[in-house]
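The residues making up each chain are set out below.
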Amino acid sequence: MGEETGPGQIAARTLMDTYRAGQIDAATRIYGVTGNPVKHSLSPIMMNTGFRRETVNAVYLPLQTNKIGDLLSLVREVPLHGFSVTMPFKQEIMKHLERTDPISEKVGACNTVVRSQEGKLYGFNTDVAAVVRPLEKRLQLKGAKVLVLGAGGAARAAVFGLKEKGAEVFILNRTPETGQKLAREAKVKSARRDQLAKSSFDVILNATPTGMHGVKPATLLEPKEINARLVFDLVYNPIDTPLIRAAREKNIPVITGVEMFVHQGARQFEIWTGKPAPEEEMMRVVIHALRQRAEAAAAAAPAHR
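Overview of the structure. Please read all numbers here as calculations on a predicted model, not as lab measurements.

Of regular secondary structure, the protein possesses 10 helices and 12 strands. Taking 305 residues into account, the globule formula puts the C-alpha radius of gyration at 19 Å, and the protein, at 20 Å, falls close to it. Relative to its full complement of 305 residues, the protein shows a buried share of 49%. In the protein, once contacts between residues fewer than 6 apart in sequence are set aside, the share between residues at least 24 apart is 64%. If you sum the accessible surface of the protein, you get close to 15600 Å²; carbon and sulfur atoms cover 52% of it.

Given below as structure tokens:
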């Protein structure tokens with residue numbers, strides 16, 4: 001029961017449970033997550049749970065596209081009230097916004113958009129707080145040495161956010177030129193891969209998609225290069241990324257990407273609804289969904305003899 005829709009379509013039960021199809025009416029506000037890929041995104045289950053819990057008449061949908069022009073046409077044609085922006089549009093969306101909050105302006109990347117009744121788009125960045133706050137709960141950021149892996153939108157949020165808190169930031173990126181450009185913009189340092197095994201940091205933070213479900217290669221650093229007091233991986237699917245597992249094997253405390261993911265989503269919920277986000281409930285459904293996916297993937301994998 002619940003699977004009678006055609007191939008490539010959403011199962012009937014998912015339409016009812018996740019997308020609240022039975023409760024949509026003319027007053028329902030529409031939100032979504034846009035980027036590529038978003039088909040595996042857990043934002044819909046997290047946000048729709050939040051809406052249900054706080055009795056907000058809204059629905060949140062995955063809006064997959066690889067062209068920003070398609071997204072902008074959709075925004076014009078469907079009266080979206082707001083949307084989350086993921087890879088690869090966090091930087092590109094900036095030039096299409098009427099105004100942004102100071103942190104988006106500084107970082108040059110935005111992950112949260114609100115559409116006004118006149119159709120104007122306003123941008124916010126909730127990634128920065130979602131990187132900084134989990135770290136602040138665990139250590140003093142002023143003077144902390146932090147290695148950031150990556151130079152895209154999430155890395156920019158991490159670098160500028162950490163710099164503002166007085167951390168000493170080092171950037172390592174697969175394409176050194178891009179990493180060096182970000183380091184110059186943010187007035188931080190570049191790290192060299194050949195120095196890593198001899199260096200140690202307070203925090204190593206992965207802001208690349210490496211380790212994400214289905215992304216190759218699966219690992220970034222060799223175990224001997226992971227020398228830190230704390231490892232933070234912004235990838236949330238799977239929860240135990242190769243980097244998180246490697247850190248645990250070395251008895252290094254970790255912060256998983258789920259904490260950052262839920263934190264940025266909770267702030268988006270508050271910007272859109274003006275209500276406090278039910279953060280614990282959002283965390284619970286995300287962890288539950290990730291565990292279910294991990295079990296399904298393990299069951300589908302051929303048994304190793």
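Having seen the model, we can carry on.
Now for the nonpolar core. Residues Val131, Leu135, Val148, Val159, Leu162, Leu205 and Phe232 are the most contacted members of the largest nonpolar core, which totals 34 residues. Among the secondary structure elements, those contributing two or more residues to this core are α5 (127-136), β7 (145-149), α6 (153-164), β8 (168-172), α7 (176-186), β10 (201-206) and β11 (228-233). Every residue in contact with Leu135, bar those within four places of it in the chain, is listed here: Leu141, Leu162, Val203, Leu205, Leu230, Phe232 and Ile255. In terms of nonpolar packing, the next biggest core, distinct from the first, is built from 24 residues, Ala58, Tyr60, Val262 and Val285 among them.

With that out of the way, let us pick up the sheet that holds strand β4 (residues 99-100). Spatial ordering of the open sheet is given by β2-β1-β3-β5-β6-β4, a layout of 6 strands whose pairing is mixed. Strands at the two margins of the open sheet, each flanked by one partner only, are β2 (58-64) and β4. Taken together, the 5 bridges between strand β1 (residues 29-35) and strand β3 (residues 80-85) define a ladder with parallel strand orientation. Bridge pairing links Val33 to Ser84 in β3. Each of β1, β2, β3, β5 (112-115) and β6 (121-124) touches helix α3 (residues 68-77); the most contacted strand, β3, lies at about 155° to it. Contacting β1, β2, β3, β5 and β6, helix α9 (residues 257-273) crosses the sheet at an angle of about 10° to β5.

For the rest of this paragraph, the subject is the packing of helix α2 (residues 43-53) against α9. Axis separation between α2 and α9 bottoms out at 11 Å; the angle between their running directions is 45°. Judged on the interaxial angle alone, α9 and α2 are oblique. For the pair α2 and α9, the sense of crossing is right-handed. Contact with α2, carried on its side by Ser43, Met46, Met47, Gly50 and Phe51, involves Phe261, Val262, Gln264, Gly265, Gln268, Phe269, Trp272 and Thr273 of α9 and no other residues of that element. In terms of residue class, the contact of α2 with α9 is built from 7 nonpolar, 6 polar and no charged.

Glancing now at the pattern of salt bridges. Where charged atoms from two side chains of opposite charge approach closely, those side chains can pair. All told, the structure shown has 17 salt bridges when counted by the stated rule. A salt bridge links Glu168 to Lys189; the nearest nitrogen and oxygen atoms lie 2.7 Å apart. Here the residue Glu168 occupies a position in strand β8, and Lys189 occupies one in strand β9 (residues 189-190), the gap between them amounting to 21 residues. Assessed through its relative accessible area of 30%, Glu168 is described here as partly exposed. The closest approach of N and O atoms between Asp194 and Arg192, which form a salt bridge, is 2.9 Å. The exposure class of Arg192 is exposed, given its relative accessible area of 52%. Connected through shared salt-bridge partners, Arg53, Glu281 and Arg284 make up one network.

Cut-offs applied
Residues numbered from 1 in each chain as written. Predicted model: local features only at pLDDT ≥ 70, side-chain atom pairs only at ≥ 80, totals over all residues. Heavy atoms only, no water. Helix = DSSP H or I, 4+ residues; strand = E, 2+ residues; numbered from the N terminus. Rg over C-alpha atoms; globule rule 2.2 N^0.38 Å. Buried < 20%, exposed > 50% of the residue type's maximum accessible area, 1.4 Å probe, protein only. Contact = heavy atoms within 4.5 Å. Areas by Shrake-Rupley, 256 points an atom, 1.4 Å probe, with all protein chains shown as cover. Core = buried A, V, L, I, M, F, W, Y, C linked by side-chain atoms within 4.5 Å. Pairing = 2+ DSSP bridges. Axes fitted to C-alpha atoms, helices over the stretch in contact; angles between N-to-C directions. Parallel < 35°, antiparallel > 145°, perpendicular 65-115°, else oblique. Left-handed = near helix turned anticlockwise from the far one by under 90°. Nonpolar A, V, L, I, M, F, W, Y, C, P; charged D, E, K, R; others polar. Salt bridge = Lys/Arg side-chain N within 4 Å of Asp/Glu carboxyl O.

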